[in-house]
Protein chains: 2
Amino acid sequence: MLDATLAELAERGYPALTVEAVAARSGVHKTTIYRRWGSADGLLAAALERETGAGWTPPDTGSLAGDLRELVTELVATFTDPARAALPMAVLSAAFQSPAAARALRAFYADRQGRAADIVRRAVARGEAPAGTDPVEVVRAACAPVFYRLVVTREPVDAAVAERAAAAAVLATRAATFT
Amino acid sequence: MLDATLAELAERGYPALTVEAVAARSGVHKTTIYRRWGSADGLLAAALERETGAGWTPPDTGSLAGDLRELVTELVATFTDPARAALPMAVLSAAFQSPAAARALRAFYADRQGRAADIVRRAVARGEAPAGTDPVEVVRAACAPVFYRLVVTREPVDAAVAERAAAAAVLATRAATFT
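Per-chain numbering applies: the sequence of each chain, read as written, is numbered from 1 onward. As they are written, the chains are lettered A onward and the ligands numbered 1 onward, keeping that order. Only residues with pLDDT of 70 or above have their local features reported here, since the model is predicted, and side-chain atom pairs are shown and tallied only from 80 upward, although totals for entire chains, interfaces and linings are computed over all residues. Heavy atoms throughout the structure, all of them, feed into the side-chain values; hydrogens and water do not.

Engineer: Tell me about the relation of the copies chain B and chain A, and please be specific about residues and values.
Structural biologist: What sets the superposition is a least-squares fit of C-alpha atoms, and only residues with pLDDT of at least 70 in both copies go into it. Mapping chain B onto chain A calls for a rotation angle of 180 degrees and an axial translation of 0.0 Å; the resulting RMSD is 0.0 Å. The transformation just described matches what one would write down for a two-fold rotation axis. A shared interface surface links the copies, since 100% of the contact residues of chain B are contact residues in chain A too. Any two residues whose heavy atoms approach within 4.5 Å are treated as being in contact.

Engineer: Residue-level account of the domain arrangement of chain A, with values.
Structural biologist: Residues and elements named next belong to chain A. Domain start and stop points were drawn from an automatic or database domain assignment. When cut into domains, chain A gives domain 1 (2-51) and domain 2 (58-174). Of note, the centres of domain 1 and domain 2, computed from C-alpha atoms alone, are 28 Å apart. Each partner contributes to the interface: domain 1 provides 10 residues, whereas domain 2 provides 12 residues. When a carboxyl oxygen of Asp or Glu lies within 4 Å of a side-chain nitrogen of Lys or Arg, that pair is called a salt bridge. For the pair domain 1 and domain 2, the number of links is 0 salt bridges. Pairing of N or O atoms within 3.5 Å defines a polar contact, subject to two protein rules: one partner must be a possible hydrogen donor and the other a possible acceptor, and residues neighboring in sequence count only if both atoms are side-chain atoms. Taken together, domain 1 and domain 2 are joined by 1 residue pair in polar contact (both at pLDDT 80 or more). Of all elements in the fold, only helix H1 (2-12) and helix H4 (40-52) reach the threshold of two or more residues within the side of domain 1 that touches domain 2. Each helix corresponds to a stretch of at least 4 residues labelled H or I by DSSP, and each strand to a stretch of at least 2 residues labelled E; elements are numbered beginning at the N terminus.

Engineer: Which residues make up the interface of chain B and chain A, and what are the values?
Structural biologist: Facing the 34 residues of chain B at the interface are 34 residues of chain A. Both faces considered, chain B and chain A share a buried interface measuring about 3200 Å² in area, 64% of it formed by carbon and sulfur atoms. The term buried area denotes the loss of accessible surface (1.4 Å probe radius) that occurs when two parts are joined, taken as the sum for both partners. When residues of chain B are sorted by the area they lose upon contact with chain A, B:Phe96, B:Tyr148 and B:Arg154 head the list and together hold 24% of the total. Summed over the shared surface of chain B and chain A, the result is 6 salt bridges. For B:Glu137, the salt bridge identified is with A:Arg149, shortest N-O distance 2.9 Å. At the level of elements, helix H6 (82-97), helix H7 (99-116), helix H9 (135-153) and helix H10 (159-174) of chain B are the ones that each hand at least two residues to the side of chain B that touches chain A.

Engineer: Would you mind going over the packing of aromatic side chains in detail, with residue names and values included?
Structural biologist: Residues and elements named next belong to chain A. Side-chain rings of Phe, Tyr and Trp, where Trp is taken by its six-membered ring, are said to pair if the distance between their centres is within 6.5 Å; with planes under 30 degrees apart they count as stacked, over 60 as edge-to-face, and otherwise as tilted. Going through the model one piece at a time under the given rule, you end up with 9 aromatic pairs over all chains. Between the aromatic rings of Phe108 and Tyr109, the centroid separation amounts to 5.1 Å while the plane-to-plane angle is 85 degrees, which identifies the pairing as edge-to-face. By the burial criterion, Phe108 is buried, and Tyr109 matches it. Arranged with centres 6.0 Å apart and planes meeting at 85 degrees, the rings of Tyr109 and Phe147 form a pair that is edge-to-face. Here's how the labels work: a residue is buried when its accessible area is under 20% of the maximum for its type, exposed when over 50%, partly exposed in between, all with a 1.4 Å probe on protein chains only.

Take a look at the structure:
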């Protein structure tokens, strides 16, 4: 059911996401869906919640620069591949129109940022970043320029943008910007 | 007509934006609107294009730190005031579903970022930022963390977030991150 929800969302976008559409795709009767999830927003929130629990771990290359570069490069790779970008873009879009989607998105990124922050905790332990560095703030600094181009200024992103965003976050971290 | 378009968008969001709704609000016959603008997307693009030409100028406090702080603080003030946030949030949302809105949004931010870059050009001239600094990249660095929280991670923003984003951009600029 949750797979059917995410497939519908990725293929047709949030405005077309209905319990009827998910019922048709999954072969489950819509009454059953309404009883368990209440609405299309309930389905979406449950599907995102499941993704939130998935066992993602951040890169571990041995250096802050290497880890952040890999993290942001992977982010750019996801969002420049139309097949992989469809679902996350649909969820970002849904959050503008659905408080349940916005809450689920917030929980998803709280989880992801918390995991990615291990990159910075390891760097602090290795002496690559100043003690007292806010690890999530470094992750935000590395990823924000990519999302800003993708969904605000609608500028193109590529590997060079990823490299520069990661490198800028490293320099800023070393300059004690995030302590 | 363009005012009616922006008012509809701010009040009811992009999914409800139709030529019929703009016709009803403005008192202009829908046939006239179709003839001149073609569609609701055409109206939206024209309305954003008009905003793009508006005479916005960036703050000029005499220092890079002061200017960026004022720029980002104003951004946060806009997006934390529901009355002022409604329209820009609706446009950001529309860009996910309408290529015309995405193009108009891109043109709008290209214009705004180009104007805001004067802050950095003045700082370079005063010797506050290294020669060869990419001025638009500094503007992106200052604004991106705010938008990232607003529309991606859906985390709250406040004056402290603005101060920190601006201060981080200043430190990173001085560390030659954006040359």
